[in-house]
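Listed here are the chains, written in short residue letters.
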2 protein chains.
Amino acid sequence: MRPAPGRRRQILDTAARVFAAQGYDATTVRQIADAAGLLAGSLYYHFDSKESMLDEILSTFLTELWERYDTVLAAGLRPRESLAALVTASFREIDRHRAAVAIYQKESRHLTDQPRFGYLADAQRGFERAWLRTLESGVASGDFRTDLDVRLTYRFVRDTVWVAASWYRPGGQHSPEEIARQYLSMVLEGVALRDSHRTHDPHD
Amino acid sequence: MRPAPGRRRQILDTAARVFAAQGYDATTVRQIADAAGLLAGSLYYHFDSKESMLDEILSTFLTELWERYDTVLAAGLRPRESLAALVTASFREIDRHRAAVAIYQKESRHLTDQPRFGYLADAQRGFERAWLRTLESGVASGDFRTDLDVRLTYRFVRDTVWVAASWYRPGGQHSPEEIARQYLSMVLEGVALRDSHRTHDPHD
DNA sequence: TAACCTACCAAACACTTGTTAGGGAAGGAG
DNA sequence: CTCCTTCCCTAACAAGTGTTTGGTAGGTTA
């Protein structure tokens, strides 16, 4: 039989979808096997354990995400553009790894305790540093308001971006870029009407 | 032995905390019993099943939440004040029912399928109607911008409010009202600096 | 005193869980 | 053809799951 290396990836994708839909603990390996078209025991030819499937799903997602983030952060953009680039990159990753993002959101909190998933805590600290630095340099440069609690703002911005994974459906009426644009417009300019909105387009 | 009706409530609160921390499916009835100071089987003197504990936690939370929402919606406030009142009420409920909110967020999506938890879908439809009507009437009255997708805005606002339950800790440095104020300021006015922020406090 | 109720324990139940062991079918390589 | 690798199945395992049953300590009521 010829090797089909795509099979492993395919099983992992279906596992991610089931995990995202039902939750990791609520998902049985038999459900994954059913969805992937094989029997429960056969999963263990491809993977060590149920937990290592989860591990691989989350770690590959975070690795790819940080490649994008690092590119943005290394570009040396001005705070406003840096914020926009981070947000846009995030929505693109949600588009690409919707299931992984949903799993990350649901499970990461109680996984960070386990040593095996220590990289989750690392990633979270990295997020906080990247976002906080962007916001703080924006405050210093006069791009952002000075009267808002930066840490609160960070949490709001972070959460709103990532929970989008819970309702976003690829191929829907909004592209990731369009969602990012609307979101940035709301966060930067606010939803309240003011004069500038009556006369011209507020995008960037 | 004298009846202690507080015991049932106490066990339910303990269960809510464990559910919120570990997830419903990942929590065993023995863990709940340990945390509450009795044995697993003894839980079934107070409750029919593990599921009915979850049911009672979520339904009492939603009932109380909708009492507050209905009060706000019936007050006939102008859109901006109505939005502010809804947000503030939400943060107050997060303060009061942090565990229940966390559980609701994590589990509601895959519970809505079960007939027993049909009220979750009802509540969600109610949220959508309440928020959308507030936003739309604000657009119509000229309080809010007309160039934003109302449905997207609704999702952003809704999600950001409720995910706050994941990081909010009662007794911390921010009161629910303070968080609501900062959040409203961000959503309404945006984080970008503009002239009005240099001269006066933006909190209306 | 006796009957009764509340709140719990001890022990088991049937079932599901993740995981393993051994085997076998199908194709490629020699 | 024969060997070998890949991929999967069948069948079972031990541990853990939610739940039930019968019993009992101790306070309340009569």
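Residues numbered from 1 in each chain as written. Chains lettered and ligands numbered in written order. Predicted model: local features only at pLDDT ≥ 70, side-chain atom pairs only at ≥ 80, totals over all residues. Heavy atoms only, no water.

1. Focus: the interface of chain B and chain A
Taken together, the 42 residues of chain B in the interface contact 42 residues of chain A. For the pairing of chain B and chain A, the buried interface totals around 4300 Å² over both sides, and the portion due to carbon and sulfur atoms is 63%. Taken as a group, B:Arg145, B:Phe156 and B:Val191 account for 18% of the area that chain B buries against chain A, more than any other trio of residues on that side. Counting the contacts that link chain B with chain A gives zero salt bridges. Where chain B touches chain A, the interface holds 21 residue pairs in polar contact (both at pLDDT 80 or more). Elements that contribute at least two residues to the side of chain B that touches chain A include exactly helix 1 (6-22), helix 5 (79-96), helix 6 (98-111), helix 8 (150-167) and helix 9 (176-189) of chain B. Looking at side-chain class alone, the side of chain B that touches chain A contains 18 nonpolar, eleven polar and 13 charged residues. (Contact = heavy atoms within 4.5 Å. Buried area = accessible area lost by both parts, 1.4 Å probe. Salt bridge = Lys/Arg side-chain N within 4 Å of Asp/Glu carboxyl O. Polar contact = N/O pair within 3.5 Å; in protein donor to acceptor, adjacent residues only side chain to side chain. Helix = DSSP H or I, 4+ residues; strand = E, 2+ residues; numbered from the N terminus. Nonpolar A, V, L, I, M, F, W, Y, C, P; charged D, E, K, R; others polar.)

2. Here we look at the domain arrangement of chain A
Residue and element names in this part refer to chain A. Partitioning chain A into domains gives domain 1 (1-47) and domain 2 (49-199). Taking only C-alpha atoms, the centre of domain 1 and the centre of domain 2 are 28 Å apart. Contacts between the two partners involve 17 residues from domain 1, matched on the other side by 14 residues from domain 2. Both faces considered, domain 1 and domain 2 share a buried interface measuring about 1400 Å² in area, 68% of it formed by carbon and sulfur atoms. (Domains from an automatic or database assignment.)

3. Quick notes on the packing of aromatic side chains
Given two aromatic rings, one states the distance between the centres and the angle between the planes to describe the pair. Under the defined criterion, the tally for this structure stands at 26 aromatic pairs over all chains. Ring geometry for A:Tyr104 versus A:Phe127: centroids 6.5 Å apart, planes at 90°, classification edge-to-face. Of this pair, A:Tyr104 sits in helix 6 (residues 98-111) while A:Phe127 sits in helix 7 (residues 118-141); the two residues are 23 residues apart in sequence, bridging distant segments of the chain. Neither A:Tyr104 nor A:Phe127 differs from the other in exposure class; each is buried. Residues B:Phe91 and B:Tyr183 carry aromatic rings whose centres are separated by 5.8 Å and whose planes lie at 75° to one another, so their mutual orientation is edge-to-face. Linking B:Phe91 in helix 5 with B:Tyr183 in helix 9, this pair joins segments that are 92 residues apart in sequence. B:Phe91 gets classed as buried once you look at its relative accessible area, which sits at 3%. Feature note: the residues A:Phe61, A:Trp66, A:Tyr69, A:Tyr104, A:Phe127 and A:Trp162 constitute an aromatic cluster, connected by ring pairs. In this structure, A:Lys50 is placed above the aromatic ring of A:Tyr24, and the distance from its NZ or CZ to the ring centre is 4.4 Å. (Phe/Tyr/Trp six-rings, centres within 6.5 Å; stacked < 30°, edge-to-face > 60°. Buried < 20%, exposed > 50% of the residue type's maximum accessible area, 1.4 Å probe, protein only. Lys NZ or Arg CZ within 6 Å of the ring centre and 35° of its normal.)

4. Quick look at the relation of the copies chain B and chain A
Relative to chain A, chain B is turned by 180° and slid 0.0 Å along the rotation axis, the superposed coordinates differing by an RMSD of 0.1 Å. Here the two chains are linked by the operation of a two-fold rotation axis. Considering only C-alpha atoms, the part of chain B nearest the rotation axis is B:Gly190, at 1.8 Å. (Least-squares fit on C-alpha atoms with pLDDT ≥ 70 in both.)

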